[in-house]
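A closer look at the structure
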Amino acid sequence: MTVATIRMEPLWKNALTEEFEKPYFKELSCFVREEYVKHKIYPHPKDVFRAFDMCPYDRVKVVILGQDPYHGAKQANGLCFAVNEHITFPPSLQNIFKEIETDLHMVPESGGDLSRWAKQGVLLLNATLTVRANIPGSHQNRGWEKFTDAAIAKLSSGREHLVFMLWGNYAKNKGMIIDRKKHLVLEAAHPSPFSANNGFFGCRHFSKANLYLKEHGIEEIRWN
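Residues numbered from 1 in each chain as written. Predicted model: local features only at pLDDT ≥ 70, side-chain atom pairs only at ≥ 80, totals over all residues. Heavy atoms only, no water.

Before going further, it helps to examine the packing of helix H5 (residues 91–104) against helix H9 (residues 205–215). Following both chains from N to C, one finds H5 and H9 inclined at 60°, their axes separated by 8 Å at the closest point. In terms of orientation, H5 lies oblique with respect to H9. Contacts between H5 and H9 involve Ile96, Glu99, Ile100, Asp103 and Leu104 from the first element and His205, Phe206 and Ser207 from the second. (Axes fitted to C-alpha atoms, helices over the stretch in contact; angles between N-to-C directions. Helix = DSSP H or I, 4+ residues; strand = E, 2+ residues; numbered from the N terminus. Parallel < 35°, antiparallel > 145°, perpendicular 65-115°, else oblique. Contact = heavy atoms within 4.5 Å.)

A few words now on unusual backbone geometry. With omega at -5°, the peptide bond leading from tyrosine 42 into proline 43 counts as cis. Assignment of secondary structure puts proline 43 in the loop between strand E1 (41–42) and helix H4 (50–54). One non-glycine residue, phenylalanine 81, lies in the positive phi region at around 70°. Mapped onto the elements of the fold, phenylalanine 81 is located in the loop between strand E2 (62–66) and H5. Accessibility expressed as a relative area gives 10% for phenylalanine 81, which makes it buried. Backbone geometry at arginine 204 places phi at a positive 60°, although glycine is not the residue there. Tracing the backbone shows arginine 204 in the loop between strand E6 (184–188) and H9. Note on arginine 204: relative accessible area 44%, which makes it partly exposed. (Buried < 20%, exposed > 50% of the residue type's maximum accessible area, 1.4 Å probe, protein only.)

Looking now at the UniProt feature "active site" (unreviewed entry) in the chain. Sequence positions flagged by UniProt for "active site" (unreviewed entry) are, in local numbering, Asp68. Residue placement: aspartate 68 occurs in the loop between E2 and H5. With near-sequence residues (within four places) excluded, aspartate 68 lies in contact with Asn126, Thr128, Val131, Pro136, Gly137, Ser138 and Gln140. A polar contact of 2.5 Å, which involves the side chain of aspartate 68, links it to the backbone nitrogen of glycine 137. (UniProt positions renumbered as here; feature names shortened; annotations may be inferred. Polar contact = N/O pair within 3.5 Å; in protein donor to acceptor, adjacent residues only side chain to side chain.)

So this is what it looks like as structure tokens:
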């Protein structure tokens, strides 16, 4: 895979051009290509960079960090925590919607695709952008983490007044590179049923994000 053949939103592609030329990304590209040939991989190839495509670099307002795409059939769609339409909501997404309802006193729309958030400036970014079917974490430590770290670093250094939502220890560690003098970093437990009661429920990240955006003259996110 070369820079010329990579299909990605132009501003993001320009921001990350240096990454595409690095040895790790070339090795990653070869690995991912072979995986799609030999195994069932999620998401669909056209959706690997969907988080970037739906939320251009200059339009990002909020960043939500996930870890892996969903590894079940027809779930992953390239946006972290989101699922394709007409797919049963995973427990973490159910808990996200519960927190929105409690925090903002509104019932979120029924769809789990979350593209409605991405179009408003919410970058729904997984640390790893592909996964082998039914094998969580199968594409970790292959290079995706370096690539998504680079994307976060570009936002941290090149933009101002963004909101980063870091849920769980993995996201918190990945967010250590964020300049907290320039951006609002919100941390809480992961929305998984195993940890949601330990600090995700009641975190009020959605109202806090909108308050911060409003204070800096930025249009708020319609989380419903």
